[in-house]
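# Working through the structure, step by step
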Amino acid sequence: MIENIKQHINEVKVYTSDNISDIEQFRIKFLSKKGGIVTNLFKEFRNIPAKDKKEYGQVLNKLKLSVEEKVSNLKSALKTADTGKKDFDLSLPGDSIEVGSRHPISIVRNEIIEIFNRLGFSIAEGPEIEDDWHNFSALNFPKEHPARDMQDTFFVETNPDILLRTHTSNGQVRVMENKQPPIRIIVPGRVFRNEAISARAHCIFHQVEGLFIEENVSFADLKQTLLYFAKEFFGEETKIRLRPSYFPFTEPSAEMDISCTLCNGKGCNVCKYTGWLEILGCGMVDPNVLESSNIDSEKYTGFAFGMGIERIAMLKFGIKDLRMYFENDVRFLKQIQ
Ligand code: PHE
């Protein structure tokens, strides 16, 4: 008896077919309630001597499972093959593929880069994970100096020497220490500061910083470069003004405002009725910074500037909440192209 069942198991193992009615016949032959081989063998169970009952039951169950498995495998193989043939309706409209669009931050970054390229600035980059020297010390931020409070820093694990860069000025240091003037670069990139996230601030944002070092570079060169940028980016009518400010790496330092793009300087709620919008920080490179990178500060002078891309894009596109840049809602992204 048991031998007989084992033969059936082998028969099931080698069986194959890609014809649905043959497969159905095969199923009926074994599993039909009336006269199926498996059904009959189960009926025999009570005639089996008690000592063989256990083995008989096990082998018979194996046969039943192998038939069920074979039938379902053959059927699903048929289904997959089928969709390739008959079920494919060529007249159905296809799934549309959404066309992507550039992120507003990329659009603005590229435009800023293009404007400065026209003035002969080339692109430099630096690492996002940086050491203290390139982010702070080489830029005339002495250790323990209160100026470090201006940029609340994320440190990497427990090593206070390794941090997430708080500005892209680290890229400028890396160029200065590897190359003698003339240097004319812009450094676009992502920066990190420990700020509470709100409509106007985020702990991750983007900057473009610029650096120009040569003999006889003056504040007038800085002013003219930034005026050119403002007119190219915001429109020919744009005016600029520079207000004295403080950065450790520039002396003198200034913040630059542009005439309000919405009210043209008349006063509105975006410019808080001042007629001016602050867009960037700038100044003449402090001689200490040049000397830190072995550039002769008696011979060379330079200017530097830095701006936040999020802020510039907000002004350009009238975006009110900075968090929208990170939500990546396609409806938002598609409005700006
Ligand atoms: N690094 C400054 C900042 O992130 C910006 C800046 C760059 C200011 C160059 C002046 C000159 O705040």
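The rules we used
- Each chain carries its own residue numbering, running from 1 in the direction its sequence is written.
- The predicted origin of the model limits local features to residues at a pLDDT of at least 70 and limits the giving and counting of side-chain atom pairs to 80 or more, whereas totals for whole chains, interfaces and linings rest on all residues.
- In computing side-chain properties, one takes all heavy atoms of the structure into account and sets aside hydrogens as well as water.
- Under the scheme used here, helices are H or I runs from DSSP no shorter than 4 residues and strands are E runs no shorter than 2 residues, and both carry numbers assigned from the N terminus.
- The globule rule used for comparison is 2.2 Å times the number of residues to the exponent 0.38, while the radius of gyration itself is calculated over C-alpha atoms.
- Burial classification: accessible surface area is computed with a 1.4 Å probe over protein chains only, and a residue below 20% of its type maximum counts as buried, one above 50% as exposed, and the rest as partly exposed.
- Only heavy atoms enter the contact rule, under which two residues are in contact if any of them lie within 4.5 Å.
- Each accessible area is a Shrake-Rupley result for a 1.4 Å probe, and residues are judged covered by the shown protein chains and nothing else.
- For the charge count, each Lys or Arg is scored as positive and each Asp or Glu as negative, with His and the chain ends excluded.
- By convention, charge coordinates are those of NZ in Lys, CZ in Arg, CG in Asp, or CD in Glu.
- Note on definitions: salt bridges are taken to be side-chain nitrogens of Lys or Arg within 4 Å of carboxyl oxygens of Asp or Glu.
- To get an axis, fit a line to the C-alpha atoms, keeping to the stretch in contact for a helix; angles then go from 0 to 180 degrees between the N-to-C directions.
- Reported orientations rely on four angle classes, namely roughly parallel under 35 degrees, roughly antiparallel over 145, roughly perpendicular from 65 to 115, and oblique for the rest.
- When residues are grouped by polarity, Ala, Val, Leu, Ile, Met, Phe, Trp, Tyr, Cys and Pro land in nonpolar, Asp, Glu, Lys and Arg in charged, and all others, Gly among them, in polar.
- Under this definition, polar contacts are N or O atom pairs within 3.5 Å; protein pairs additionally need one hydrogen-donor-capable and one acceptor-capable atom, and for neighbouring residues in sequence, both atoms have to be side-chain atoms.
- Residues belong to a common nonpolar core when they are buried Ala, Val, Leu, Ile, Met, Phe, Trp, Tyr or Cys residues joined through side-chain atoms within 4.5 Å.
- Two strands are counted as paired when DSSP detects at least two bridges linking them.
- Each domain span listed reflects an automatic or database assignment of domains.
- For this description, a residue counts as near a given molecule or strand if any of its non-hydrogen atoms is within 4 Å of it.

## Some remarks on the overall build of the protein
Secondary structure assignment for the protein yields twelve helices and nine strands. Since a compact globule built from 337 residues should have a radius of gyration of about 20 Å, the 37 Å found for the protein marks it as more spread out than a globular shape. Per-residue burial for the protein yields a buried fraction of 43% across its 337 residues. Nonlocal contacts in the protein, meaning residues at least 24 apart in sequence, comprise 65% of its contacts between residues at least 6 apart. Of the roughly 19300 Å² of accessible surface on the protein, a fraction of 52% belongs to carbon and sulfur atoms. When the 44 positive and 48 negative side-chain charges of the protein are each reduced to one mean point, those points stand 12 Å apart.

## Concerning the pattern of salt bridges
It is possible for side chains of opposite charge to pair when their charged atoms get near one another. Under the counting rule described, the total for this entry stands at 17 salt bridges. Between Arg118 and Glu232 there is a salt bridge, with the nearest N and O atoms lying 2.5 Å from each other. You can see Arg118 sitting in helix H5 (residues 104-118) and its partner Glu232 sitting in helix H8 (residues 219-234), a full 114 residues away along the chain. Accessibility expressed as a relative area gives 34% for Glu232, which makes it partly exposed. Notably, a salt bridge pairs Lys143 with Asp132, separated by 3.9 Å at the nearest N-O pair.

## So, the packing of helix H2 (residues 20-31) against helix H3 (residues 37-44)
Their axes nearest at 3 Å, the elements H2 and H3 cross at an angle of 10°. As the angle between them shows, H2 and H3 are arranged roughly parallel. Contacts between H2 and H3 pair Lys29, Phe30 and Leu31 from the former with Ile37, Val38 and Thr39 from the latter. The residue inventory of the contact of H2 with H3, partitioned by class, reads four nonpolar, one polar and one charged.

## What to know about the environment of Asn194
Position of Asn194 relative to the elements: it lies in the loop between strand S4 (183-192) and strand S5 (204-214). Residue Asn194 is classed as partly exposed on the basis of its relative accessible area, which comes to 39%. Sequence separation between Asn194 and Ile204 is ten residues, and the spatial gap between their C-alpha atoms is 8.5 Å. Ignoring sequence-local partners within four residues, the contact set of Asn194 consists of Asp152 and Phe154.

## Here we look at the side chain of Thr225
Within the element layout of this structure, Thr225 appears in helix H8. Take Thr225: its relative accessible area is 13%, and that puts it in the buried class. A distance of 2.6 Å separates a polar side-chain atom of Thr225 from the backbone oxygen of Asp221. When near neighbours in sequence (up to four residues on either side) are disregarded, Thr225 contacts Phe116, Leu119, Phe121 and Phe303.

## Observations regarding the side chain of Gln172
Tracing the sequence through the fold places Gln172 in helix H7 (residues 169-176). By relative accessible area, Gln172 is classed as buried at 5%. From its side chain, Gln172 meets the backbone oxygen of Gly210 in a polar contact 3.3 Å long. When residues no more than four places from it in sequence are discounted, the contact partners of Gln172 are Ile185, Val187, Glu209, Gly210, Leu211, Ala304 and Phe305.

## Some remarks on the nonpolar core
Formed by 45 residues in total, the largest nonpolar core has its most connected members in Ile279, Phe305 and Met307. For this core, the elements supplying multiple residues, two or more each, are H5, S5, H8, strand S7 (250-259), strand S8 (276-285), strand S9 (301-308), helix H10 (309-317) and helix H12 (330-335). The element best represented in this core is H5, accounting for seven residues. Sequence-distant contacts of Ile279, defined by excluding residues within four places in its chain, comprise Phe229, Phe234, Met256, Asp257, Ile258, Met307, Ile312 and Leu315. By size, the runner-up hydrophobic cluster in this structure holds 23 residues, among which are Phe136, Leu139, Ile213 and Val285.

## Quick look at the pairing of S4
Among the ten residues of S4, eight are classified as buried, and the element is accordingly described as predominantly covered. Bridging between S4 and S5 involves ten bridges; their strand directions are antiparallel. Bridging from a neighbouring strand, Val191 pairs with Phe205 of S5.

## What about the domain arrangement of the protein?
Each assigned domain of the protein is listed with its residue range as follows: domain 1 (2-83) and domain 2 (104-335). Placing a centre on the C-alpha atoms of domain 1 and another on those of domain 2 gives a separation of 76 Å.

## Things to note about the site of the ligand
Around the ligand lies a shell of 14 residues, among which His167, Ser169, Arg193, Gln207 and Glu209 are the nearest. One of the side-chain nitrogen or oxygen atoms of Ser169 is found 3.3 Å away from a nitrogen atom of the ligand. Arg193 is positioned with one of its side-chain polar atoms (N or O) 2.8 Å from an oxygen atom of the ligand. Computed on the free molecule, the ligand has an accessible area of 320 Å², of which 92% lies beneath the protein chains in the complex. Elements that contribute at least two residues to the shell around the ligand include exactly S5, S8 and S9. The biggest single contributor to the shell around the ligand is S9, with three residues. For the shell around the ligand, the residue count by class is five nonpolar, seven polar and two charged.

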